[in-house]
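Spelled out, the chains give:
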Amino acid sequence: MTMTTPEQHVGATTGLPALGPEGTRLLRLLDDTFEGWGVAAGARPMTMPPLLPAADLAKLDYYDNFPHQAVVAAPLDLERRATTPFDTTAGRFPSDALEPAALGLPSASCYAVYLTHQGTQVADDALVTVCSWCFRKETHYEGMRRQLGFRMREVVAIGAREHAENHLAEFTTRIQSFAKALDLPLRREAACDPFFDKGSSKAVLQRLTPVKYEFLYEDLAIASVNTHRNFFGERCDITLASTGGPAFTSCVAFGLERWLSALTRRHGSWAAAERAVLEAGANGAAGPVI
């Protein structure tokens, strides 16, 4: 029987790899760990839909800020299907065979959280945790490092400015402690997300005070902490019950398959990677697991 390394998967070059039992077990262990961090901090676990209305994502400037990553979905046009069949040579349906694409496949889990809370009032210290399938068009795909479809666990803060800022500080410490216990050397680097108009005062502030930090293993970002200030609070009309003003938001994101890639590259096998996570938990670095 031919043996494969953890980085080798069916579909690895198409961005749609499959995981076997060992990878599935480790992914669930990691997700339970990260979800447990959120729940211990007071987060409400929620389940979000895999698709979102494209109109809602457009309202958040998603297609202006991330057009290179955007993936949309459309049903078949049943009237045109007979005259515009599936192209077996190209392996796809021609665009003429599809209805207009009114559904978006989000590139991050948190978009659904903000849209779910639109038009509501929240407490100063609201927290939500979700794990969703996310989708990003890339120039190329590579194993678990770069995928078309992947899972992202997020812990999202919605509330007062201090709450959003403290959330990121606390989870930064948690991520760094966990990585140390895993013997997984991570470096923290400032990054940029184009949430704000390039010429706006908020965009200038972002360049002076970064709103996103990534945690990288080698050249791979496996987690990030992100503040959006009151951008999503304003766009989604999420207000604070205490003041009536727009809520501030921040999120901590974990790319689960990317964690699998980093751990197996560092420790050499599924078994060794799983053992490292279990030992970190036994030593208290992983925190509570639900």
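Residues numbered from 1 in each chain as written. Predicted model: local features only at pLDDT ≥ 70, side-chain atom pairs only at ≥ 80, totals over all residues. Heavy atoms only, no water.

Caption draft 1: Summary view of the layout of surface pockets. Of the voids in this model, the largest pocket is the one considered here, and its volume is about 650 Å³. Gln-69, Arg-136, Lys-212, Glu-214 and Arg-258 are, among the 32 residues lining the largest pocket, the residues nearest its centre. Counting residues per element, the ones that place at least two in the lining of the largest pocket are α5 (110-116), β7 (149-159), β9 (212-217), β10 (220-229) and β12 (248-255). Looking at the lining of the largest pocket, the element that brings in the most residues is β10, giving 7 residues. Residue classes in the lining of the largest pocket are distributed as 15 nonpolar, 8 polar and 9 charged. (1 Å grid on protein atoms, 1.4 Å probe; cavity = no way out; pocket = protein on both sides within 12 Å on 5 of 7 lines; lining within 4 Å. Points joined across faces, edges and corners; volume = space filled by probe spheres on them. Helix = DSSP H or I, 4+ residues; strand = E, 2+ residues; numbered from the N terminus. Nonpolar A, V, L, I, M, F, W, Y, C, P; charged D, E, K, R; others polar.)

Caption draft 2: How the structure looks around the sheet that holds strand β2 (residues 52-53). Strand order in the open sheet formed by 3 strands is β2-β4-β3, and the pairing between neighbours is antiparallel. The open sheet has two edge strands with one neighbour each: β2 and β3 (71-73). (Pairing = 2+ DSSP bridges.)

Caption draft 3: Quick peek at the packing of helix α9 (residues 256-267) against helix α10 (residues 270-282). Where α9 contacts α10, the axes come no closer than 8 Å and their chain directions differ by 105 degrees. Taken together, the axes of α9 and α10 lie roughly perpendicular to each other. Seen from α9, the contacting residues are Leu-260, Leu-263, Thr-264 and His-267; seen from α10, they are Trp-270, Ala-272, Ala-273, Ala-276 and Val-277. Across the contact of α9 with α10, the residue classes break down as 7 nonpolar, 2 polar and no charged. (Axes fitted to C-alpha atoms, helices over the stretch in contact; angles between N-to-C directions. Parallel < 35°, antiparallel > 145°, perpendicular 65-115°, else oblique. Contact = heavy atoms within 4.5 Å.)

Caption draft 4: Local environment of the sheet that holds β7. Read across the open sheet, the 7 strands follow the order β1-β6-β7-β12-β10-β9-β8; overall the sheet is mixed. Strands at the two margins of the open sheet, each flanked by one partner only, are β1 (44-45) and β8 (187-191). With 2 bridges joining them, β1 and strand β6 (residues 125-135) adopt parallel strand pairing. Within β6, the residue paired with Pro-45 across the bridge is Thr-129. Seen against the sheet, helix α6 (residues 161-181) touches β6, β7, β8, β9, β10 and β12 and runs at an angle of roughly 20 degrees to β12. Against the sheet, α9 engages β6, β7, β9, β10 and β12, with an angle of about 145 degrees to β10.

That's the geometry; what it means functionally is another story.
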